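# Structural description and commentary
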Amino acid sequence: MFRYDSKFWSVVGVIGDIIMINILYLLSCIPVITIGAATSALYSVMRKQAKKETGYMVRDYLKAMKENFKKSTVIWLIFLVLFGLIYGDLIIVKGTMNDSKAQSMALGFFLVSFLLALAICIYALVLQSGYENTVKNTLKNATILMLAQLPWTAVILLVTLSPALALLVFPKGTGVILVGMFACWFSVAALINSYIFNRIFEKMIPKEA
């Protein structure tokens, strides 16, 4: 059991890599502009892990981030502006509407808009991590896949937003949740989603570049 080439040490190694990649991902996101490239690189590594295509995760992460940096950054900046517009419109609407029912309807509309935009953003960055294409076509394909796989999209969003939901449901556990996010949550969430994305892509996209 305790041989260095045993399954036990293999599992320990994967857990260590997941924690290391999670920390590296967080550091990569400190300049907000690099979140897109970091997310694309994270999914590049985790999709390979989900396929059991083992390798040096840190090296693969840095390589993927370098290779996808330009296009992933463009995609991320497009959605960063879009998220800002959605938030800005929400603030304006809340400030100009006095009717509570109208405010609730507006809030629902902007929430749905945000979730759809977030879903397309995630799909686009994951596509960018494994498929060579123009930014325009990547966004187009991301939108098509997101709509064609709505049930899976809902699961992906649930996994992605699970810390925010956990903070809402368990506000007293904020410290534990934040520690979990810093230690491994982003990597684990990407790994869970990667199983879903691999299933979707194998079904709907013939060949990976």
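These lines cover the structure that appears in this document, whether it is placed above or below.

## Describing the side chain of asparagine 22
Take asparagine 22: it is sitting in helix α1 (residues 7–28). For asparagine 22, a relative accessible area of 0% corresponds to the buried category. The contacts of asparagine 22, once residues within four sequence positions are left out, are Met181, Phe182, Ala183, Cys184, Trp185, Phe186 and Ser187.

## Thoughts on the packing of helix α3 (residues 57–96) against helix α5 (residues 135–148)
Contact geometry for α3 and α5: axes closest at 10 Å, N-to-C directions at 60°. Classed by the angle they form, the pair α3 and α5 counts as oblique. Here the hand of the crossing between α3 and α5 comes out right-handed. Contacts from Lys71, Val74, Ile75, Ile78 and Phe79 of α3 reach α5 at Val135, Thr138 and Leu139. Along the lines of polarity and charge, the residues of the contact of α3 with α5 split into six nonpolar, one polar and one charged.

## Considering empty space enclosed by the protein
Any empty space left between atoms is shown by rolling a water-sized probe over those atoms. Inspection of every chain in the model, using the stated rule, returns one cavity of 30 Å³ or more. The calculated volume of the largest cavity comes to roughly 40 Å³. As for the largest cavity, its lining consists of Val45, Lys48, Gln49, Glu53, Thr54, Gly55, Met57 and Asp60. At the level of elements, α2 (35–50) and α3 are the ones that each hand at least two residues to the lining of the largest cavity. The leading source of residues in the lining of the largest cavity is α2, at three residues. For the lining of the largest cavity, a count of residues per class yields two nonpolar, three polar and three charged.

What counts as what
Residues numbered from 1 in each chain as written. Predicted model: local features only at pLDDT ≥ 70, side-chain atom pairs only at ≥ 80, totals over all residues. Heavy atoms only, no water. Helix = DSSP H or I, 4+ residues; strand = E, 2+ residues; numbered from the N terminus. Buried < 20%, exposed > 50% of the residue type's maximum accessible area, 1.4 Å probe, protein only. Contact = heavy atoms within 4.5 Å. Axes fitted to C-alpha atoms, helices over the stretch in contact; angles between N-to-C directions. Parallel < 35°, antiparallel > 145°, perpendicular 65-115°, else oblique. Left-handed = near helix turned anticlockwise from the far one by under 90°. Nonpolar A, V, L, I, M, F, W, Y, C, P; charged D, E, K, R; others polar. 1 Å grid on protein atoms, 1.4 Å probe; cavity = no way out; pocket = protein on both sides within 12 Å on 5 of 7 lines; lining within 4 Å. Points joined across faces, edges and corners; volume = space filled by probe spheres on them.

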